[in-house]
Structures are given as structure tokens and as C-alpha cells.
Amino acid sequence: MAGAVHDNLKSTDMTRGQSPPSPDTMGDILTDFPSGPLDKYRKRASFDWKKLKLFLEGEEIMRFKMHVSKTLEADPLFARSFERLSLEQLREVAFRRARRLFECNFLTPDERKSEPLKRRSLGFVLQMYDQSMSAKHGLSVQMFGATVMNSGSARHQEFVDKCHKMDLWGCFALTELSHGSNTKAMRTTATYDPDTQEFVLNTPDFEATKIWVGNLGKTATHTVLYAQLYTPDGKCHGLHSFVVPIRDPRTLLALPGVFVGDMGEKLGQNGLDNGFLAFNSLRIPRENLLNRTGDVSPDGKYVTPYKDPNKRFGASLGALSGGRVGITGMCVANLQMCMPIAIRYSAVRRQFGPPSAKEEIPVLEYQLQQWRLLPYLAATYALEEFSKTFFMDFVSLQIGAMMGDKSERQNELGREIHAMSCASKPLAGWTARDAVQECREACGGHGYIKVNRLGEIRDDNDPNCTYEGDNNVILQQTSNYILSKVQSAAENGGVISSPVGSVNFLSDMKDILKTHFSANSIEECENSKVSLAAYRWLVCYLVQESTAKIKQELAIKDAFTARNDSQAYYCRSLALAYIQHVALQRFHNLAHNPETPADLQPVLQKMCALYGLWSLEKHLATLYEGGYITGGQPTKLIRSSILHLCGLLKDDAVALVDVIAPTDFILNSPIGKSDGQIYKNLYGAIMQGPKVLERPDWWREFCNKPVVGSLKNSKL
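These notes cover the structure that comes with them. (Residues numbered from 1 in each chain as written. Predicted model: local features only at pLDDT ≥ 70, side-chain atom pairs only at ≥ 80, totals over all residues. Heavy atoms only, no water.)

The next thing to look at is empty space enclosed by the protein. One way to see where empty space is left: roll a probe the size of a water molecule over the atoms. In this structure the tally under the stated criterion is 3 cavities of 30 Å³ or more. For the largest cavity, the lining is made up of 18 residues, of which L56, E57, Q336, E384 and K388 are closest to its centre. Counting only elements with at least two residues in the lining of the largest cavity, the list comes to α3 (49–57), α4 (59–74), α7 (116–129), α12 (367–402), α20 (567–591) and α24 (653–660). Considered class by class, the residues forming the lining of the largest cavity number 9 nonpolar, 2 polar and 7 charged. (1 Å grid on protein atoms, 1.4 Å probe; cavity = no way out; pocket = protein on both sides within 12 Å on 5 of 7 lines; lining within 4 Å. Points joined across faces, edges and corners; volume = space filled by probe spheres on them. Helix = DSSP H or I, 4+ residues; strand = E, 2+ residues; numbered from the N terminus. Nonpolar A, V, L, I, M, F, W, Y, C, P; charged D, E, K, R; others polar.)

Listed below in C-alpha cells is the structure:
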């Protein structure tokens, strides 16, 4: 059943498997950009940017995104401003805008379920406009509402309905002051009282305070709370989730037994109020236990459909896999903002030039600038294709769960998606982190001014590397999954396979490990099959080396220490290489798919080859260590091919970012605007700053001259 659902969901992607409408018939949303400094590069492009955008997104999604963008732009509440707001003002504006989204009602609850790609696209547009506003809305509707729906039962539907009408404001409380990644060690307790048929919630000490909870600081009225469930016999049944009221929705005052507050200013996303939460014998009805994975009868008996407590625990934290899938997409959205800013700026900014030149040349013409930026542009395309298809894999898992699919395939799909999400979040998060910083530096001093938004994107992306699991920590779950699949096949003599197919090639591990780097020319190296073959060898080699490393450590250490001491250079590298291979394979499939229009294949294939070689180049030491590469020629070929591809893609760069860029209103960057008028736009933005031409209010302090040396010998 789940397999059929998965296939049907794939067919709902309007961008694949059919001839898209012509861009000529979509002039209302595929309009030409204003004529200006970017014209030269746009005319040089080897492909039609409108056709590529239409192919990748599809008409329905494009129209929906444009509708959302234009709706926001037409509403004065969403008007852009260069005014500097206080923390309190940022919180108020983010909330008022998030509340307005309920009035806009871009997608009904049913549409969120039936049209997942629209749901994803809505998240992209809202995040690109303002990540704090998007997070406030998403944490309540998606994280709270979807968790209640997926982890609860019919008795919890009223909470979901109230969430969608904003009769309550939700959040998600898992992390504690002294525990984050080690979720099993959370210490908030929920003890069942059969006399009143209630759970009694308690925070044993201040270190067990729930913390970093988005929406909780000032506005949340309800939370999905994770606590250790105790039955009347004193037995702890592990971490379970509950719906818990924490504030009166009519007054926003804390309920008796609830200690809740705001964490204050963060490095970014300051429109989002992160808070802390503790309980003192707060009582909630028995029915508030989200009971899909376990329940308590009125007389206090614990029941669960899971015989294995570990499987029940994994199922209860299923929301975290969805969160990581979502974060992967959030990182891609950040890439789709920073790359247009830096590429458009680089195409217009002129510095230096050959002595014979009559004018300076655009910095995009310099190989160094191409090498700094274009691989990240290729990564943006690769990770978008991966993120989008991976999101649909996750939707397939959700559909199977809602349909009550208890098959082994459904269970395996859950394990595989969990493993992939534990690696995709680090890959996308770190790629976006590095890309935004490179874009900031590539734009020179103008990249540092706040109005151009690169600093905001950098700071807002930063927590993606931490929440829903620290990147380095959760990578261990990916490597554990890979190694367990290999070990199981070795012990049982079976074939290594998985529902999504991410590990299937490991069945040929012995043969793959016999292969070597075979490209002998730049032309051969620029076929993404070369990088794919290298990645398959790399993953197999790291499986072999990680297994040997763990065995070596186990000979002298306990299992816990042996695993920990096998991460750096081994299991961690294995997890990253695995997910890089998956991302590259999916981009390769798109670029070489016969259904991809022939006139779009060349540019996509160049981008795919560039992403593969650029990411592979970071693994050269391991490729040499294992003997896949020998001598100096392969390294020279790989690096020469990277530079050659950058040169080939240079003239396509502006058109490529035109495909992925949001509207100017959403992007909100003077140097990233589609008209290319970087100086005019930046100067205008600077002049709109408050008191930009006025002397400071404290100007008299300047006139009060110091007595030089007067405090040199004073005693403080």
C-alpha cells in the first residue's frame, strides 16, 4: 500500500513527466526583467530561464507562489522598512504578520494535506520574506498542529481545529536546560493519578526547565510537551508527548502551576519569542496524552502497540524527522536568497581590467570570483532537487502512517528517512552557512551593510545547524543506520536494499572497492557519472574503514566509548559522503532524464558535474588513502575541471539565479534587485535610514573636549 501511495505522490509533482506549458502563455507571471546592467549576461545565457523555471516548478506552483508574494506586497502590514525596531517591536510585528496569515488562509488544512508541494512552496515564500514570522506561524500550525494530528487520535482533533483557527497558539517543548540531543534523558515528569484521571506535571529542578521553545516566550497558549510518563505503580514508560495548556488564551497570563518566560535576544530570528517553561504539579486530563504510540487506561494501565520500547520511542519522536526534512528545505531557501544577491552584484560590480580595456570588467569575469560562487550555485540546484524529492518521500511516509500501514516496508521507510534527515540537515545547513558567508565576502564592503540582507540571512540560517539535533551529533544516527544495514546483510547473507534505494549500491561493495578513478581528460571528468562512481567507492571504503575502526576500539574500550572514538574521520565522514552521494544521484537523474527538455539538459548537466567534482574535491585525502586515486594527475584533472566548468557557467550565472530568485519585494536586497541597479538602489536605501543626514542627539558631547592625561594618575 505504501509503495502505491509513494508512486501516486510522485505523480502529483507537476514539474515532471509531462510537457510543461510554454513560457509565452504565462506572461502574467513570467515577465521580462527591467532592462539594465544585467542585460549583457542575460543575453549571453545558453538557455531560456523562463523555460527552466517553468520546468522545475510547474505552472501551478509558480502561480501559487506569485499569488502569495503579491498578496504580501499589497498589504501595508507587510510593507518593507529600513526602520530599526526594538526587540519588543520585532516581536509585535512578527506576531501581527503571523496572525494576518490566518486571515489570508493561503492553504486550508485539507489543502495542506492534499497539496504538499504547495505547502512546501508556501513555507519557502514566507521564510524568504521573514524567517521569524514564518517560524511563528509554522511552529503553531505545522510543528504543534501536525504533531498533535500525527501523534494523537480522534480525541485530539479539537486541538488541531483550534490551532488552525488561532483559538490557541502552539509550540513544541522537548529540549531542557541540561539536555538537548540526549532526548531519553529528559527529566520533566508526567505522573498519572487514577483517582482524578489526570496527569500531574512536574519539573524536578531548574536544570529540567524546558528551554529554547519557539513561540513560548510571550505568546504560546498550548504546547506539545515531552515528559517521562509514570503510571501509579511507579514504573517509568519513557518519553511521551502531551498537549498542555500553559496560558489563558484570553489574557496570555500563565496558568497556575506554570512558570513560563522569555529567553531574550538571540543572534538572529529575534521576532520569534523563544522561552522557558517549568511545572509545579500542573494537572491535565488523561486524554491530553497523545496516544498513537502509547496510552494509559482510566485505571492506570499502560498499553502500547509496540513490543519494542526503542521502536515506540522512535515513533514518538517522528516529528523530529519531519522537522529535519523541513530544515533541509529552509537551508535551500536561504541559498536561493544569498546566491542571487551575490551573483547579480558580481555581474554589475566592475573592478580593474587589462591595460588595453576601455573600462573596468565585472568581478564575475574573474576566475577567482567564479570559483568562490558558482560551486555554491550548483549546490543550490542540487540540494533543491534533493530537498524537494526527499520531502515527497517524507509525505509518502506520513500518508502511510495516516492510513494505518503497519507493513515492514513502512517501518523500513521510516528508518531510512530518519537516517537521511539526520544527514541532510547537516549537509544543507553547513552548505548554506558557508555559502552565505562566501557571498557576504564576495560582495565586499557592500555585503556587510545590513540593508543588503546577507547578515540577516547568515544569522537566521545559523540555528539550522543546531535545533532538531546538533549536526555532528545526529550524523551518528545516519552512520549507525548504514553500518547496521551492512552488518545485517553480512550476518544473514541478504541483499542490502531500502525503500528509497539510498543504500542499494552497497550490495556491490566488494566489486565497487576494486574500482579506481578512470577519467583521463577534462571532458571525461565533466561527466557526473565520474563523481557518482567516486562517491560510491568512497561510501563503501568508509563503511569498511569505520567497521574496522569500531572493531579496533571495541578490543580495548566499552561499546559506548568505542563508538564515540570512531566518529572523527570515520563514521562522521561516512554519513556525509552517503548523503552527498544521494543528493548528487538525484540531481544527476534530473539532468540526464530523457523527460528533461533537451535544450535544458546541457546547463543542468554542467551544474551537476560541478557540484559533484566540487564536493568530491574535499574528500581527496581519503580517496588517496584508499588507493582510488594515485599520482598527481587525477587531482589536477578534478581541479582543472572545476575551474573549466566555472568558466563555462559564468555566462549562464545570472539567468540561473533568475530562475531561483524570489521577487524583489521578497528578496528585499538593494544590490540583489533584478534590475541590476546596485549603486542606485543601495544609495537610495542608505538615504532612507533614520536621521541619516542629521547630527547625533549627543553632539554636545563632542564639543566637551577632554583634558588629556587628567586621569593618568588617578585612583579609581
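In this structure, the second largest pocket occupies an estimated 1,300 Å³ of space. Along the walls of the second largest pocket sit 44 residues, with S81, E83, L90, K450 and E456 positioned nearest its centre. Listing elements by their share of the lining of the second largest pocket, those giving two or more residues are α5 (87–104), α8 (131–151), α14 (454–461) and α26 (678–687). Looking at the lining of the second largest pocket, the element that brings in the most residues is α5, giving 6 residues. A class-by-class count of the residues in the lining of the second largest pocket yields 18 nonpolar, 12 polar and 14 charged.

This part covers the pattern of salt bridges. Following the criterion strictly, the structure yields 40 salt bridges and no others. Notably, a salt bridge pairs E553 with K549, separated by 2.8 Å at the nearest N-O pair. Within this pair, E553 and its partner K549 are both found in helix α18 (residues 528–554), separated by 4 residues, close to a single helical turn. By relative accessible area, which is 6% here, E553 ends up buried. Linking D565 and K557 is a salt bridge whose minimum nitrogen-to-oxygen distance equals 2.7 Å. For D565, a relative accessible area of 35% gives the class partly exposed. Among the charged side chains, a network of salt bridges with common partners joins R44, E365, K650 and D651. (Salt bridge = Lys/Arg side-chain N within 4 Å of Asp/Glu carboxyl O. Buried < 20%, exposed > 50% of the residue type's maximum accessible area, 1.4 Å probe, protein only.)

Attention shifts here to the nonpolar core. Counting 161 residues, the largest nonpolar core has L52, L72, L377, Y381, L506 and Y611 as the members making the most contacts within it. A total of 17 residues in this core trace back to one element, the largest contributor, which is α12. Residue contacts for Y611: discarding those within four places in its chain leaves A378, A379, A382, L383, L427, Q580, A583 and L584. With 24 residues, the next largest nonpolar core counts Y192, A220, L225 and V260 among its residues. (Core = buried A, V, L, I, M, F, W, Y, C linked by side-chain atoms within 4.5 Å. Contact = heavy atoms within 4.5 Å.)

Nonpolar side chains collect at one region of the surface, where I449, Y683, I686, M687, V692 and L693 lie side by side and expose about 570 Å² of accessible area between them. Within the fold, I449 resides in the loop between α13 (408–442) and α14. Since its relative accessible area comes to 30%, I449 is described here as partly exposed. (Patch = residues over 30% accessible without salt bridge, like charges linked within 9 Å, V, L, I, M, F, W, Y side chains within 5 Å. Areas by Shrake-Rupley, 256 points an atom, 1.4 Å probe, with all protein chains shown as cover.)

Our focus in this paragraph is unusual backbone geometry. Outside of glycine, negative phi angles account for most residues, and trans bonds account for most peptide bonds. Located in the positive-phi region is Q197, a residue other than glycine, with phi close to 55°. Examined against the element boundaries, Q197 turns out to sit in the loop between β2 (189–193) and β3 (198–202). A relative accessible area of 34% places Q197 in the partly exposed class. A positive phi angle, close to 55°, is found at N668, a residue other than glycine. For N668, the location among the structural elements is in the loop between α25 (664–667) and α26. Using a relative accessible area of 21% as the deciding quantity, one classes N668 as partly exposed.

The next thing to look at is the state of the cysteines. Applying the stated criterion across every chain yields a total of 0 disulfides. Here C608 stays unpaired: no disulfide links it, and the sulfur of C525, its closest cysteine neighbor, is 13 Å away. (Disulfide = S-S within 2.5 Å.)

Under the counting rule described, the total for this entry stands at 15 aromatic pairs. Each ring, one from F102 and one from W169, has its centre 5.8 Å from the other, and the planes form 50°; the classification is tilted. Here F102 is found in helix α5, whereas its partner W169 is found in the loop between α9 (157–164) and β1 (170–173), with 67 residues between them in sequence. The exposure classification of F102 matches that of W169, with both residues buried. (Phe/Tyr/Trp six-rings, centres within 6.5 Å; stacked < 30°, edge-to-face > 60°.)

On to the pairing of β3. Across 5 bridges, β2 lies against β3 in antiparallel orientation. In the sheet register, Y192 faces β3, and the bridge partner there is F199. Here β2 hands over to β3 after 4 residues, with Q197 in that stretch at a positive phi of 55°. Pairing geometry for β3 and strand β8 (residues 274–285), over 5 bridges, is antiparallel. Residue pairing in the sheet places V200 in a bridge with R283 of β8. (Pairing = 2+ DSSP bridges.)

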